[in-house]
Structure formats: C-alpha cells, structure tokens
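Listed here are the chains, written in short residue letters.
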Amino acid sequence: VLLDYSMPGMSGLEVYDRLREINAEVNVLLSSGFVDDDELQKARDRGIRGFIQKPYSIEDLSAKIKELS
C-alpha cells in the first residue's frame, strides 16, 4: 500500500494503524514531500518498512516497491 504521510481527515500513520488491525502483515510504503527525521523514525518504529521522498519518478517508485517485495 502506498500512503501519503499527510492526508485530509486522517494521517497516513492513522490509516496504517487501521490497516494493521485488518492485516498485521500489511506492507506499506510511506510517501511525503516534507517529513522530518523524527517523524520518519516514528513511522519505522510502528512498522512501516519503506519511505519515498516526493517528488519521485515512476522509476524511483518501481525500484522502491521491488526493494520492499
């Protein structure tokens, strides 16, 4: 699942938590154009395995997805 860190109504981390309630093995790639190292570490501590910085190319996204597979 590709999630944006900042979304209207619910953050990407909140969506991730809800997805984990459904499937604890869910694989999430978090994306953001603006996130600090502390917030990124909190996301990794929660179990998010991947992060991609915006803007990114389709090639970058493809490589990151393969990296997480």
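A short tour of the structure in this document, coming up. (Residues numbered from 1 in each chain as written. Predicted model: local features only at pLDDT ≥ 70, side-chain atom pairs only at ≥ 80, totals over all residues. Heavy atoms only, no water.)

Ordered in space as 1-2-3, the three strands form an open sheet in which the pairing is parallel. Here the strands that pair on one side only, and so sit at the sheet edges, are strand 1 (2–4) and strand 3 (50–53). Across the sheet, the axes of successive neighbouring strands diverge by a mean angle of 30°, strand direction being ignored. Pairing of strand 2 (residues 29–32) with strand 3, which is carried by four bridges, proceeds in the parallel orientation. Bridge assignment links Ser32 to a residue of strand 3, and that residue is Gln53. On the sheet, helix 1 (residues 12–22) packs against strand 1 and strand 2 and is oriented at approximately 140° with respect to strand 1. In this fold helix 3 (residues 58–68) packs onto strand 1, strand 2 and strand 3, with an angle of close to 170° to the strand it touches most, strand 3. (Pairing = 2+ DSSP bridges. Helix = DSSP H or I, 4+ residues; strand = E, 2+ residues; numbered from the N terminus. Axes fitted to C-alpha atoms, helices over the stretch in contact; angles between N-to-C directions. Contact = heavy atoms within 4.5 Å.)

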